[in-house]
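These are the residues of each chain, in order.
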Amino acid sequence: MIESASLLAVLPELILTAGGLVLMLVAAWGGEASSRVVNWLSVLTLALAGIALSTSLANGPVAFDGLVRADAFSAFAKAMIYAAAAAAILLAPRYFRTDGKERPEYPVLILFSAIGMGMMVSAGDLLTLYVGLEMQSLAAYVLASFMRQDVRSSEAGLKYFVLGSLASGILLYGAALLYGFTGTTAFDGIAVAMGDGVSNGELFGMVFLLAGLAFKMSAVPFHMWTPDVYEGAPTPVTTFFGSAPKVAAMGLSVRVAIEALGPAGLDWQQIVIFVALASIILGAVAAIGQTNIKRLMAYSSINNVGFALIGLAAGTPAGVAATMSYMAIYVVMTIGAFACILQMRDGQGRPVETIASLAGLSQSRKGLAAAFAIFMFSMAGIPPLFGFWAKFLVFDAAVAADLTALAAFGIAASVIGAFYYLKVIKTIYFDEPAAAYEAKGGVIENIILTACAVVIVFGYLLNPALDAVSAAAAASLF
C-alpha cells in the first residue's frame, strides 16, 4: 500500500495532473470559447502546485522507496519551472489571437509538460528520470508544431521529435548500461557501486547518459535542434522552451552528476568542462551572424547553458548553488527578453522577428527599447545588472575548486558573447529607423517585462534570499 507521506511528497504533481485532466475536458467541450478560462485556471493550478511545495518538503526527502526525492533542491527547481510555465501561458493569448483564434489546449500541454519536468528534478532513480523526461518531451514536441498551418512550426516539431527521439534512445542506452554494470537503477545504489572504482562499462553508460541530458539542455555538441526549433515554434512556445525545460534539464543533470555519479567525479568533470567550453564558444560565435532575433536567442541559450555548467564542473556545494542561482536569474532574463520580442509587431499587428526591424525603436517605443537594452546588457554580463552576478557566482565557484583556467576562459569568452547583445542595442538606438512597430503592446506583456526588468536592475536586493535558497538546495544533494 502506498504511504500517505509519499503521496503528499508528490502533491504538486498530483495537483497538476488533476488540473490538467479537468482542463483538458473543459477545452474539449468548450472549444475556443473556453480559452481564456482555461488559461487563467492553468495559471491558478500552477500557483497551487507552487504553494504545495511546502507540503512536499515536509513529507520528504525520500518518497516511494527512493524513486522520488522531495528535498530543497527539487522544490527550488520546481518553483522556477512553475513560474516560467505560468509566464509562458500568460504571454500566449495575444499572440494566438493575431492568428485568428486562441488555443485552449496550449496551457493544458504546458501543465502536462510541467508534470514531467517536476518528475525530472525529483528523480531518485533512472526509471523516474526517464518517465519524467519523456512526459516533458512528448508535450514539447506537440507545442513546437502547435501552429499546424505554419510550415515553419510543423518543421520545427518534426525536427525536434526526430532528434529528441534519438537523444532519448542514447540516454536510455546509457541507463541500461549503468543498470547492467551496477545492478541497480537507484541513484544511491549506482553511487555505491561506483565507490569501488569505475569500470569501462559504467564509464560508457555515464557518457551516454550525459549525452542524452546534454541534448535536453541544448549543450554542444547536441545543440543542433535549438536554432531551428526556436525560430519555427510559435514565440510563446519558444519562451517556454527557453526557460522551464532548461531549468528541468539542468536540475536533472546536477542531481544525476552529484547523487548517482558522485564517486566518478573526476570522470564526468572532464566531460562537463568540455561541454561547457564548447557551448560558450559556439553559442557566442554562431550568434554573431544571426538576423532573426529568435535564432539569436537560441544561440544565447546555448551560451548560457555553458556558463551554468561551469558551476557543475566545480562539483562542490558552492558550485551547485551557483548553477541554481544562475538558472534563476537566466529564467528572469529570458522571459523578460521574450516579452519584449512578443511586442515586435508591425503597424498591422503582425509579428516580426528580424533584428533589423528594431532600428529606431528608441524613438517610437522608448520604454520597450529601454527594456530590450536592460535584458541584452544583463545577458552580456555587464554590471551592475543582475546577469553579471550570475556569471560572477559560477566563476567564483570554479576558482574556489581550482578550476582557474576554466573560469579565465569563460570570462574571456563572455567578451565574444557581449558583441551580439550589444549589436541588438546598437540597432535599437543608433541605426536609421525602420518601419515603426504598433503604438503600444499588450498589458500582460508589459507587466511581465516590467517585473523582469525591475528584478534585473534591483536584483541585488534579493541576493540574501537567493543565496540562502540556492545554498539549501545544494546542501540537500551532498
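Here is a short report on the structure shown in this document.

So, how was this worked out
Residues numbered from 1 in each chain as written. Predicted model: local features only at pLDDT ≥ 70, side-chain atom pairs only at ≥ 80, totals over all residues. Heavy atoms only, no water. Patch = residues over 30% accessible without salt bridge, like charges linked within 9 Å, V, L, I, M, F, W, Y side chains within 5 Å. Areas by Shrake-Rupley, 256 points an atom, 1.4 Å probe, with all protein chains shown as cover. Salt bridge = Lys/Arg side-chain N within 4 Å of Asp/Glu carboxyl O. Buried < 20%, exposed > 50% of the residue type's maximum accessible area, 1.4 Å probe, protein only. Core = buried A, V, L, I, M, F, W, Y, C linked by side-chain atoms within 4.5 Å. Helix = DSSP H or I, 4+ residues; strand = E, 2+ residues; numbered from the N terminus. Contact = heavy atoms within 4.5 Å. Axes fitted to C-alpha atoms, helices over the stretch in contact; angles between N-to-C directions. Parallel < 35°, antiparallel > 145°, perpendicular 65-115°, else oblique. Left-handed = near helix turned anticlockwise from the far one by under 90°.

## Quick word on a nonpolar patch on the surface
Among the surface-exposed residues, Val-37, Leu-41, Leu-44, Leu-48 and Ile-51 lie close enough to one another that they form a single nonpolar patch of about 450 Å² accessible area. We classify Leu-48 as partly exposed; its relative accessible area is 42%.

## Re the nonpolar core
In this structure, Phe-241, Leu-261, Trp-268, Leu-309 and Phe-372 are the most contacted members of the largest nonpolar core, which totals 163 residues. When residues of this core are assigned to their parent elements, the largest contribution, 17 residues, is made by helix α17 (residues 317-341). The residues touching Phe-372, leaving out its near neighbours within four places in the chain, are Cys-340, Ile-341, Met-344, Leu-358, Leu-361 and Ile-428. Ala-9, Val-10, Ala-63 and Val-68 belong to the second largest nonpolar core, which has five residues in total.

## Some points on the environment of Val-424
Along the chain, Val-424 turns up in helix α21 (residues 404-430). Accessibility expressed as a relative area gives 0% for Val-424, which makes it buried. The spacing of Val-424 and Gly-66 is 358 residues in sequence and 48 Å in space, taken between C-alpha atoms. In this view, Val-424 contacts Ile-293, Leu-296, Ile-355, Leu-358 and Met-376; residues no more than four positions away in its chain are not counted.

## Concerning unusual backbone geometry
The amide bond that connects Val-220 to the next residue, Pro-221, takes the cis arrangement and shows omega of 10°. Within the secondary structure layout, Pro-221 lies in the loop between α11 (200-216) and α12 (226-232). In this chain, Pro-383 is followed by Pro-384 through a cis amide linkage whose omega measures 10°. Residue placement: Pro-384 occurs in the loop between α19 (366-379) and α20 (386-400). You will see that Phe-64, though not glycine, has its phi angle at about 50°, which is positive.

## Quick look at the pattern of salt bridges
Counted according to the given criterion, the structure contains 13 salt bridges. Close ionic contact of Glu-13 with Lys-78 constitutes a salt bridge, the shortest N to O distance being 2.8 Å. Separated by 65 residues along the polypeptide, Glu-13 in helix α2 (residues 11-30) and Lys-78 in helix α5 (residues 72-90) bring together distant segments of the chain. Given the relative accessible area of 8%, Glu-13 is considered buried. Of the charged contacts in the structure, one is a salt bridge between Asp-71 and Arg-255, with a shortest N-O distance of 2.9 Å. One end of the pair, Asp-71, is in the loop between β2 (68-69) and α5; the other, Arg-255, is in helix α14 (residues 244-260), with 184 residues separating them in the sequence. On the basis of relative accessible area, Asp-71 is assigned to the buried category, the value being 7%. Judged by its relative accessible area of 0%, Arg-255 is buried.

## Quick word on the packing of helix α8 (residues 126-144) against α11
Contact geometry for α8 and α11: axes closest at 12 Å, N-to-C directions at 30°. Taken together, the axes of α8 and α11 are roughly parallel relative to one another. As for the relative orientation of α8 and α11, their crossing is left-handed in sense. In contact with Leu-126, Leu-133, Ser-137 and Tyr-141 of α8, α11 contributes Leu-209, Leu-213 and Lys-216.

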